[in-house]
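# Observations on the model geometry
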Amino acid sequence: MNMSFFTGAVGAYQQQLRMNVQANNIANVNNYGFKAERATFHHLMYGNVRGIDEEQLPRGSGTKMVKAGIDMSTNGYATTDRTFDFAIEGSGFFALYDPTNGEITFTRDGAFMMAQFLVPPEEGAQPEIDPVTGEEIPPQPTEEWRLSDNEGRCVLDSMGNFIVIDPLDRKADLDIGVYDYLIYDGILHADSGRFSPIDKNGDLYMGSGKVRRGVLEVSNVDLAQELVKVIESQRAYSYALRMVQTSDEIEQTINGLRN
């Protein structure tokens, strides 16, 4: 089979992956703290393999999208004047703790809220005695207001603890932790604009960014740039399929000549 057939097929598939990245960027253009992804391509390894009768056959065709790197640049801030809106001026992330699975993820989206959580009794807590019946009342969970995102995760302070809010003093200063990594390359994009670090990112340390209240960081997606990239991907996709079609026609013509 003509090598151009495989090259065109690989190219069409990789352009489809690129369009998926651009579609995700466009879908999050208005989401606070979202960081755009950039598709990175690399050519596949070319070489020869030994075939029948010592014939050298080519291997490797086209290019491959090796990763969707994250652009960590900042595109500005929007003033909201809401009590629990925060933004980081500089580098760093907010840390979010998921009580359901203990996972800690990071985000630049500081659109937080005050949420109520049930705190289980401390281990070894003694039961109370009912003054009327004399029966023991087992320790009960207590209610606590914490700074949280909109999906039930708790925001951590600079010491890694939950941020407890006094409902009667909501505008009190809060110690919101800013955490950072030395290397951003390879960090994984989770849902809701969150990030999950990998071993490549190195050790976690306290970030140097400054927390601003009543402000949110806007998405760094450039809609005009993304639309241009979509057109590029569409054209490249159609050309790759045209190559597949032309290669197929060539093979059909060659097979017809043999008859």
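See the structure printed just above.
To start, this report covers the structure provided alongside it. (Residues numbered from 1 in each chain as written. Predicted model: local features only at pLDDT ≥ 70, side-chain atom pairs only at ≥ 80, totals over all residues. Heavy atoms only, no water.)

Next up on the list: the pattern of salt bridges. Across all of its chains, the model carries 13 salt bridges by this definition. Linking D85 and R82 is a salt bridge whose minimum nitrogen-to-oxygen distance equals 2.7 Å. By relative accessible area, which is 3% here, D85 ends up buried. Under the relative-accessibility criterion, R82 is labelled partly exposed at 46%. (Salt bridge = Lys/Arg side-chain N within 4 Å of Asp/Glu carboxyl O. Buried < 20%, exposed > 50% of the residue type's maximum accessible area, 1.4 Å probe, protein only.)

Further remarks concern unusual backbone geometry. Most peptide bonds take the trans configuration, and most residues that are not glycine carry a negative phi. Located in the positive-phi region is D81, a residue other than glycine, with phi close to 60 degrees. Considering the arrangement of structural elements, one finds D81 in the loop between strand 5 (77-79) and strand 6 (86-89). We classify D81 as exposed; its relative accessible area is 68%. Within the chain, S192 stands out as a residue other than glycine whose phi angle is a positive 60 degrees. When you line up the elements, S192 lands in the loop between strand 15 (188-189) and strand 16 (194-196). (Helix = DSSP H or I, 4+ residues; strand = E, 2+ residues; numbered from the N terminus.)

Let us look at the side chain of S233. In this structure, S233 sits in helix 2 (residues 223-258). Residue contacts for S233: discarding those within four places in its chain leaves Q15, R18, M19 and Q22. (Contact = heavy atoms within 4.5 Å.)

Turning our attention to helix 1 (residues 3-27). Residues separated by three or four positions in an α-helix point in the same direction, a consequence of the helix having 3.6 residues per turn. Between its first and last C-alpha atoms helix 1 spans 37 Å; for 25 residues at 1.5 Å apiece the expected length is 36 Å, and the two agree. Listed as buried for helix 1 are G8, G11, A12, Q14, Q15, R18, V21, Q22 and N25. (Expected span 1.5 Å × (residues − 1).)

Over the atoms rolls a probe the size of a water molecule, and its path tells where empty space is left. Considered as a void within the structure, the largest pocket measures approximately 260 Å³ in volume. Together, 17 residues line the largest pocket, and D109, N150, E151, S192 and G193 are the ones closest to its centre. A breakdown of the residues in the lining of the largest pocket according to their chemical character gives five nonpolar, seven polar and five charged. Size it by volume and the second largest pocket reaches roughly 150 Å³. For the second largest pocket, the full set of lining residues is E37, K67, A68, G69, I70, Y184, D185, G186, I187, L188 and H189. (1 Å grid on protein atoms, 1.4 Å probe; cavity = no way out; pocket = protein on both sides within 12 Å on 5 of 7 lines; lining within 4 Å. Points joined across faces, edges and corners; volume = space filled by probe spheres on them. Nonpolar A, V, L, I, M, F, W, Y, C, P; charged D, E, K, R; others polar.)

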